[in-house]
Amino acid sequence: MFSSLIQKRRSIRKFQKKPVESKKIEILIEAALRSPSSRGHNPWEFIVVTEPDLLEKLSRAKTHGSEFLKNAPLGIVVCADEDKCDVWVEDCSIASTFIFLASESLGLGSCWIQIRERMHSETLTSEAYVSEVLNIPPKLKVESMIAVGYPAETKPPHKKEELQYEKMFLNQYGKLYTSLP
Ligand SMILES: Cc1cc2nc3c(=O)[nH]c(=O)nc-3n(C[C@H](O)[C@H](O)[C@H](O)COP(=O)(O)O)c2cc1C
């Protein structure tokens, strides 16, 4: 089941108007909270956004690559307290991945929107903009936003023959992994 899930998964940026049922949102929340973190410090915190006005404001977090959030019924903003863990970026990335794989398993589409290290305008970071919109305290860093909803687009899976097997080595770098004898 897991292999068919990852084979099908694509980033979805077009969504049906249909809201995501609260039962499904609860499964996504549980997936995020079950994600592993370094030393189990769980530095992440999440903001589940369903209000269209807020989703529209968040869709302006970047000049490119966030606009589709305004047409999504759900966004999950992933933040972390950097004082709780030096590798909070990794922890947040894993939580974000759990959210989008759980979405796929529920028949929902999703797409990661990068916020950390991105700019809203020449002078304002995307992180500062999102923090202002959602009242996020300054001690929290904002890593990403995950747009989620019922897909209104279909994309073919990545073809197996196009996967970059040339980047996969066995026992030492440079020795291509073909298969074990
Ligand atoms: C760390 C990370 C940041 C990303 N940031 C954005 C983003 O800001 N906006 C966007 O539209 N897609 C974003 N994506 C989605 C990628 O563009 C997408 O995963 C990639 O093009 C491969 O397509 P696929 O997910 O359909 O396989 C991001 C993905 C990752 C893993």
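The notes below deal with the structure included here. (Residues numbered from 1 in each chain as written. Predicted model: local features only at pLDDT ≥ 70, side-chain atom pairs only at ≥ 80, totals over all residues. Heavy atoms only, no water.)

Observations concerning unusual backbone geometry
Stated formally: Secondary structure elements follow DSSP: runs of H or I of four or more residues count as helices, runs of E of two or more count as strands, with numbering from the N terminus. When accessible area is computed with a 1.4 Å probe and restricted to protein chains, residues below 20% of their type maximum are described as buried, those above 50% as exposed, and intermediate ones as partly exposed.
In this model, Arg39 sits at a positive phi of 55 degrees, which is unusual for a non-glycine residue. Structurally, Arg39 is set in the loop between helix H2 (22-33) and strand S1 (44-49). Its relative accessible area of 61% is what places Arg39 among the exposed residues. At Glu117, a residue that is not glycine, the phi angle is positive and equals roughly 70 degrees. Secondary-structure assignment places Glu117 in the loop between strand S3 (109-114) and helix H5 (126-134). On the accessibility criterion, Glu117 (63% relative accessible area) is exposed.

Remarks on the packing of aromatic side chains
The line we're drawing: Ring geometry is summarised as follows: Phe, Tyr and Trp rings, the Trp one being its six-membered ring, pair when their centres sit within 6.5 Å, and such pairs are stacked at plane angles under 30 degrees, edge-to-face over 60 and tilted between the two. Here, a charge over a ring means that NZ of Lys or CZ of Arg falls within 6 Å of the ring centre while also lying within 35 degrees of the ring normal.
By the definition in use, this model includes three aromatic pairs. Judged by centre distance (5.5 Å) and plane angle (40 degrees), the rings of Trp44 and Phe46 are tilted. On the basis of relative accessible area, Trp44 is assigned to the buried category, the value being 7%. For the ring pair Phe169 and Tyr173, a centre distance of 4.2 Å and an interplane angle of 55 degrees mean the geometry is tilted. For Phe169, a relative accessible area of 26% corresponds to the partly exposed category. A cation sits over an aromatic face here: Lys18 above Tyr150, 4.0 Å from the ring centre.

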